[in-house]
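# Results of the structural survey
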Amino acid sequence: QVQLVESGGGLVQAGGSLSVSCAASERTFSNYAMGWFRQAPGKEREFVAAISWNGDSTYYADSVKGRFTISRDNAKNTVSLQMNSLKPEDTAVYYCAGDRTTARRMAVGSQSAFRAWGQGTQVTVSS
């Protein structure tokens, strides 16, 4: 089964930018809609962004719309999240997930149903 590994997390000042990436272990990644989710301490894990298998459709949480951009490179089996204008409330562990489904399903569906999850990468925004 496909495995996902996130990277690129770190510490950034409020207003700054950071990009996190997710690498998939198998080419079957190219058939997966992919999503980014995050979980802050003491809070529920929440949807951040999703992208269709071919990159034609994207969805964003209202809290990040206009600031974050999700993209994918199926030739490299990667999906990335470019985060700009970061705010302290963006501080969280960021997870990527994927399933052979639609991007909309990644955005609004039950997270427990998604087939593959990464281990998460910490993003900390200081203020």
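Residues numbered from 1 in each chain as written. Predicted model: local features only at pLDDT ≥ 70, side-chain atom pairs only at ≥ 80, totals over all residues. Heavy atoms only, no water.

### Some thoughts on the overall build of the protein chain
Under the convention used in this document: Helix numbering and strand numbering both begin at the N terminus, where a helix is a DSSP run of H or I of at least 4 residues and a strand a DSSP run of E of at least 2. Atoms considered for the radius of gyration are the C-alpha atoms alone. The globule rule reads 2.2 Å times the number of residues to the power 0.38. Note on exposure labels: buried denotes an accessible area under 20% of the residue type's maximum, exposed denotes more than 50%, and partly exposed covers the range between, all computed with a 1.4 Å probe on protein chains only. Only heavy atoms enter the contact rule, under which two residues are in contact if any of them lie within 4.5 Å. The charge count includes Lys and Arg as positive and Asp and Glu as negative, but it does not include His or the ends of the chains. A charge is said to be at NZ when it belongs to Lys, at CZ for Arg, at CG for Asp and at CD for Glu.
Along the protein chain, the regular secondary structure elements total 1 helix and 11 strands. Listing the helices and strands of the protein chain from first to last along the sequence gives β-β-β-β-β-β-β-β-β-α-β-β. Relative to the globule expectation of 14 Å for 127 residues, the C-alpha radius of gyration of the protein chain, 13 Å, shows essentially globular dimensions. For the protein chain, the C-alpha atoms occupy an extent of roughly 40 × 25 × 25 Å along the three principal directions. Relative to its full complement of 127 residues, the protein chain shows a buried share of 46%. Of the contacts made within the protein chain by residues no fewer than 6 positions apart, 60% connect residues no fewer than 24 positions apart. In the protein chain, the 13 positive side-chain charges and the 10 negative ones have mean positions that sit 3 Å from each other.

### Brief notes about unusual backbone geometry
Positive phi, normally seen in glycine, also occurs at Asn77, with a value near 55 degrees. Residue position: Asn77 is located in the loop between strand S7 (68-73) and strand S8 (78-83). With a phi angle near 50 degrees, Ser85 is a residue other than glycine that sits in the positive phi range. Relative to the elements of secondary structure, Ser85 occurs in the loop between S8 and strand S9 (92-99).

Read these as layout, nothing more, since geometry by itself doesn't imply function.
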